[in-house]
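What follows is the residue order along each chain.
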Amino acid sequence: MENNHESRVSLQAAIKIQALNPHSYAVNVPADHCYGEAAHGGFVASAILSAIREHFKSTLEKQRQPHTFDIQLNFLRPVTVGKCQVDIKDIKIGLKRSTIQFALRRNSIDHVVGYASNIDMEAEQGLSYPTSFKLQYPPPKAKFENLLNDCDPHWASLRIPWSPNSYLKAGTQLCWFTPAKGSDNPSVIDIWFTPLSPDETFTTEMVGSIADHWGCLLDNLHPHSVWSTEYMAAATKERDMTMGTDLSKAPVGFYTSSISMEIKKQLPPEGVRWLFTRAQAKKIYNGRLDMEVLVLDEGDDLIAVSHQTVFFPTGHRFAKKAERL
């Protein structure tokens, strides 16, 4: 399915920030990274990670701690299209690890707040032990060339077409691939991601965004949802260009209350073309759920672990206006 990617703002371009002063950074939220009228929470996380990277590259350059390994975000209010500011306060500056506090603000009102800690991963030394970790319900092996050509019988392609009327613009930035036979566990969703444009790659800051693209899981559980992975795969195969434009068929909407993420390792400076995510909910109850997201690279090495607290009001859909709850 061909998407019009010439008119969109890529994630790589959208998370570029501008320093306003030694502790404040400007970021612009484009419509291309929104679900409905609210910015994708993962985009917000990636933009904040970019601001933190710039802060340690400039204001805290002498610390030589360029790598964020631990970040917690609390989402207080929806972030909508337009200019925002990330203000950073140095909380604890140390020789090996430093912690900062951040707030993404608009008109002096906090929308997202949290803390992050930085180190130098290239210089760190410590104990390392092998573990027996492996994915339960392992997905089928993926051949990336076959995925791109939509000819892998074990994986289904999900692509949301870009449209100026789409309420799922954030999802149009990527090519998604899920197991063709679904998951043995309905509370699990596996996805391989690659940027829509062949000229783009995923950088470490963009892991924040990739770890937050798991919303299809709720629609897989929702009876008769037209946004289940099965429906999306069929619509992609049929080249349905209306996906994401019919307001009466918007997917289940949810609000992220908080995200906590540990970044295990940095991606190479030039980025990577493929990332895998395994998202799993332990309990979905009364419109609330936990979500653990594992992010792995092409070699099945663990890149990041994310935990989210999410709630979804009855009847809420992504196409609706961003609400205060």
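Only a predicted model underlies this, so the values are computations on that prediction, with no experimental measurement involved.

Chemist: Can you lay out the overall build of the protein for me, pointing to particular residues and giving the numbers?
Modeler: The helix and strand inventory of the protein stands at 6 helices and 16 strands. Burial status across the protein gives 52% buried among its 325 residues. For the protein, contacts bridging at least 24 residues in sequence account for 69% of all contacts bridging at least 6. Accessible surface, the protein: about 16300 Å² in total, of which carbon and sulfur atoms supply 50%.

Chemist: Give me the lowdown on the environment of Trp-274, citing residues and values where you can.
Modeler: Mapping Trp-274 onto the fold places it in the loop between strand E12 (255–263) and strand E13 (275–280). Residues Trp-274 and Thr-201, 73 residues apart in the sequence, show an inter-C-alpha distance of 7.9 Å. Excluding anything up to four places from it in sequence, Trp-274 contacts Phe-144, Leu-147, Leu-148, Phe-177, Trp-192, Phe-193, Thr-194, Phe-202, Asp-297 and Glu-298.

Chemist: Quick rundown of the side chain of Ser-197? Include the residues and the values.
Modeler: Inspection of the secondary structure puts Ser-197 in the loop between strand E11 (188–195) and helix H4 (207–210). Not counting the four nearest positions on each side in its chain, Ser-197 is found in contact with Arg-8 and Arg-273.

Chemist: Outline the environment of Lys-62, supporting the account with residue identities and numerical values.
Modeler: Within the fold, Lys-62 resides in the loop between helix H2 (41–57) and strand E5 (67–75). For Lys-62, a relative accessible area of 81% translates into the label exposed. Remark: the alpha-carbon pair of Lys-62 and Leu-95, spanning 33 residues in sequence, is separated by 10.0 Å.

Chemist: If you had to explain the environment of Gly-114 to someone new, which residues and values would you point to?
Modeler: Along the chain, Gly-114 turns up in strand E8 (residues 109–119). Counting along the chain gives 12 residues from Gly-114 to Phe-102, while the straight-line C-alpha distance between them is 5.5 Å. Those residues in contact with Gly-114 that sit more than four places away from it in its chain are Gln-72, Ile-100, Gln-101 and Phe-102.

Chemist: Now, about the pattern of salt bridges: what can you tell me, with residues and values included?
Modeler: Evaluation of the coordinates by the stated rule reveals 10 salt bridges. Close ionic contact of Arg-105 with Asp-110 constitutes a salt bridge, the shortest N to O distance being 2.5 Å. Residue classification places Arg-105 among the partly exposed positions, given a relative accessible area of 28%. In this structure Asp-110 comes out as partly exposed when scored by relative accessible area, which is 23%. The partner of Asp-300 in a salt bridge is Lys-141, with the nearest N and O atoms 3.5 Å apart. With Asp-300 in the loop between strand E15 (288–296) and strand E16 (302–311) and Lys-141 in the loop between E8 and helix H3 (144–148), the pair connects residues that are 159 residues apart, well separated along the chain. Each of Asp-87, Arg-105 and Asp-110 takes part in one network of salt bridges that share partners.

Chemist: So what's going on with the confidence of the model for the protein? Residues and values would help.
Modeler: Here the protein averages 88 in pLDDT, while 89% of its residues score no lower than 70. Between residues 1–5, whose pLDDT stays under 50, and residues either more than four places distant or in other chains, the model counts 16 contacts.

Chemist: Let's hear about the nonpolar core: which residues, and what values?
Modeler: Side chains that are nonpolar tend, in soluble globular proteins, to be buried together. Of all hydrophobic cores here, the largest spans 74 residues; its most connected members are Ile-48, Phe-102 and Trp-214. A total of 9 residues in this core trace back to one element, the largest contributor, which is H2. Not counting residues up to four positions away in its chain, the partners in contact with Ile-48 are Ile-71, Leu-73, Val-86, Phe-102, Leu-104 and Val-112.

Chemist: With reference to specific residues and values, describe the packing of aromatic side chains.
Modeler: Following the criterion strictly, the structure yields 7 aromatic pairs and no others. Between the aromatic rings of Trp-192 and Trp-274, the centroid separation amounts to 6.4 Å while the plane-to-plane angle is 80°, which identifies the pairing as edge-to-face. Pair noted here: Trp-192 is in strand E11 and Trp-274 is in the loop between E12 and E13, with a separation of 82 residues, a long-range link. In this pair, the class of Trp-192 matches that of Trp-274, namely buried. Ring pairing ties together the aromatic residues Phe-144, Phe-177, Trp-192, Trp-274 and Phe-276, which thus form one cluster. In this structure, Lys-283 packs its charged tip against the face of Tyr-285, placed 5.0 Å from the ring centre.

Chemist: Please set out the pairing of E12 residue by residue, giving values where relevant.
Modeler: Working note: regular strand, side chains alternate between the two faces of the sheet. Direction of pairing for E5 relative to E12: antiparallel, over a ladder of 5 bridges. Its bridge partner lying in E12, Asn-74 is registered against Ser-258. Of the pairings in the sheet, the one linking E12 to E16 comprises 8 bridges and is antiparallel in character. Following the sheet pairing, Thr-256 is matched in E16 by Val-310.

Cut-offs and rules
The residue count restarts for each chain, going from 1 along the sequence in the order it is written. Totals for whole chains, interfaces and linings use every residue, but because this is a predicted model, local features are given only for residues with pLDDT of at least 70 and side-chain atom pairs only at 80 or more, for both listing and counting. Only hydrogens and water are set aside when side-chain values are computed; all heavy atoms of the structure are taken into account. Labels follow the DSSP assignment, with helices taken as runs of H or I lasting at least four residues and strands as runs of E lasting at least two, numbered in each case from the N terminus. The buried label applies to any residue whose accessible area, calculated with a 1.4 Å probe on protein chains only, is under 20% of its type's maximum; exposed applies above 50%, and partly exposed to all values in between. The contact criterion used is simple: two residues touch if any of their non-hydrogen atoms lie within 4.5 Å. To be clear on the numbers: accessible area is Shrake-Rupley with a 1.4 Å probe, and residue cover counts the displayed protein chains and nothing else. A side-chain nitrogen of Lys or Arg and a carboxyl oxygen of Asp or Glu constitute a salt bridge if their distance falls within 4 Å. A residue's pLDDT is simply how confident the predictor is in it, with values from 0 to 100. What we call a nonpolar core is a set of buried Ala, Val, Leu, Ile, Met, Phe, Trp, Tyr and Cys residues that are connected through their side-chain atoms within 4.5 Å. Two rings belonging to Phe, Tyr or Trp (six-membered ring only in the last case) form a pair when the distance between their centres is within 6.5 Å. Interplanar angles under 30 degrees mark stacking, angles over 60 mark edge-to-face geometry, and anything in between is tilted. For a ring to carry a charge above it, either NZ of a lysine or CZ of an arginine must fall within 6 Å of the ring centroid while also lying within 35 degrees of the normal to the ring plane. Pairing between strands requires that DSSP locate at least two bridges from one strand to the other.

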